[in-house]
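Overview (structure and organization)
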Amino acid sequence: MLTFFLVSGGSLWLFAEFVLSLLEKMQTQEILKMLRLPELGDLGLFLRSLSATTLVSMGAVAAILTYWFTHRPKALPPPCDLLRQSEEVEPQPVTRALSLLSPTADLNIVIVDKPEKAVVLLQHVEKKETPMLKMIIVMDPFEETLRERAQECGVVLKSMQAVEDCGQANHRAPVPPNPDDLSIVCFTSGTTGIPKGAMLTHGNVVADFSGFLTLAEVNIVDSLMQASLGGNVRVMVLGAAPSSPTVLEFLRAVIGCQFYEGYGQTECTAGCTFTTPGDWTSGHVGVPLPCNHVKLVDVEELNYWTHNGEGEDFLVAIVVPDPEVMPSWAQKKGFEGTYDELCANKDVKQAILDDLVRLGKEGGLCSFEQVKAIHIHCDMFSVENDLLTPTLKAKRPQMREYFKTQLEELYSVSI
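All values reported here derive from a predicted model rather than from experimental measurement. (Residues numbered from 1 in each chain as written. Predicted model: local features only at pLDDT ≥ 70, side-chain atom pairs only at ≥ 80, totals over all residues. Heavy atoms only, no water.)

Topic: the environment of F142
Take F142: it is sitting in the loop between β2 (135–138) and α8 (144–152). Residues F142 and A118, 24 residues apart in the sequence, show an inter-C-alpha distance of 9.7 Å. Apart from the residues lying within four places of it in its own chain, the contact partners of F142 are P115, R147, L157, K158 and S159. (Helix = DSSP H or I, 4+ residues; strand = E, 2+ residues; numbered from the N terminus. Contact = heavy atoms within 4.5 Å.)

Quick notes on the confidence of the model for the chain
Averaged over all residues, the pLDDT of the chain equals 75, while 68% of them reach at least 70. No element of the chain has a lower mean pLDDT than helix α5 (residues 82–85), which averages 44, and none a higher one than strand β3 (residues 156–159), which averages 95. A low-confidence stretch, residues 22–29 stays under pLDDT 50, and its non-local contacts, those more than four residues away or across chains, total seven contacts. The low-confidence segment residues 35–40 (pLDDT under 50) makes four contacts with residues lying over four places distant or belonging to another chain. (pLDDT = per-residue confidence, 0-100.)

Some thoughts on the nonpolar core
Counting 16 residues, the largest nonpolar core has M326, W329, V348, I352 and I374 as its most contacted members. Residue assignment for this core shows that the elements contributing at least two residues are β10 (315–319), α13 (326–332), α14 (339–344), α15 (346–362) and β11 (371–376). Apart from residues no more than four positions distant in its own chain, I374 is found in contact with A317, V319, K349, I352, L353, L356 and L410. A118, V138, F142 and L146 belong to the second-largest nonpolar core, a separate cluster that totals 14 residues. (Core = buried A, V, L, I, M, F, W, Y, C linked by side-chain atoms within 4.5 Å. Buried < 20%, exposed > 50% of the residue type's maximum accessible area, 1.4 Å probe, protein only.)

Points about unusual backbone geometry
The backbone of K128 sits at a positive phi, close to 65 degrees, despite the residue not being glycine. Along the chain, K128 falls in the loop between α7 (115–126) and β2. Look at K128 and you get exposed, because its relative accessible area is 69%. Located in the positive-phi region is D386, a residue other than glycine, with phi close to 65 degrees. Locating D386 in the fold gives a position in the loop between β11 and α16 (396–402).

Some details on a nonpolar patch on the surface
The grouping of I109, I111 and M139 at the surface amounts to a nonpolar patch, some 290 Å² of accessible area in total. Look at M139 and you get partly exposed, because its relative accessible area is 49%. (Patch = residues over 30% accessible without salt bridge, like charges linked within 9 Å, V, L, I, M, F, W, Y side chains within 5 Å. Areas by Shrake-Rupley, 256 points an atom, 1.4 Å probe, with all protein chains shown as cover. Salt bridge = Lys/Arg side-chain N within 4 Å of Asp/Glu carboxyl O.)

So, in structure tokens, the structure goes:
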């Protein structure tokens, strides 16, 4: 039987030369005879009808594909339990939102997508926690028993279709809003304390979007990936912290549209800063939008300062090693022990700090941007231990209070 060798890189040319020399020494019928597989019936007849060159080409492709499948880069293990990250939590987010909205907003109409959320709303009405709620509009179909339950506590339950039909039968002339009219009450995620409802006017919204459009005038770029997204995607915006340069470059190349990064806060109608067209660098969130002014101020209660000489003026870090990666990494460094033992090992802590400093230097960080001291913590940050919000953002005040002793020790030792 003709055997094909698995090859890679420059060895592919040697493989091709080997095949050509083999063809020179062997007759076509001999090759076909070696490839004859009687038990395959018609397939054998088909193969015997092919030329030797075709057969060799098929074998070469099969060999290359086999090599690729066995040597392709393997996916890196995730740093956390992705199944847990995507686990749906019912119905706590709705309950928490209502407990915050009740004393601060006079909500008498609420629109929800699922009947299950309407049940949660009715439970609060039944407990006299949200007496202002008078109507619930549900997008998905629901049972008549839910409507009856709502009537018993004085709430009108309507389907979205019924609301649309009512609007269709009772046309009203539109009343344009004024710039100072309230447009959105947008609640923060609670990273710095209890979530706050930012009252955003129509003027806020128009100013923010006009600033965005000023910076993001771009032309259409067609691509296969864009076609898979509907064919009309021109711009994609990434929010929050700067994205990884590798990820951003990949998205720009594969999706084939303009990517911009921004940063802001709920109180500023989301956008505060935005990257500009033509600036293809990464690792930052751009410049202030034309409608915004940015000012740095001290926040004494959080110990944030805009200048040196007060508070902490160098970086320290709380490090939580990946339980799956830590043991193998430590073994390569010559350390032994359980995960907890490794986290408590001072030499391991120093090795981690050395790695952080090395990576910082490779990334071009200045001295004042480097971490000077670290504390190793064994437990992952989570919603359950109140260190992350439901949207998995860090709760900075809670973290500062939780690690108060460790942070004070790090600054005292470093000084």
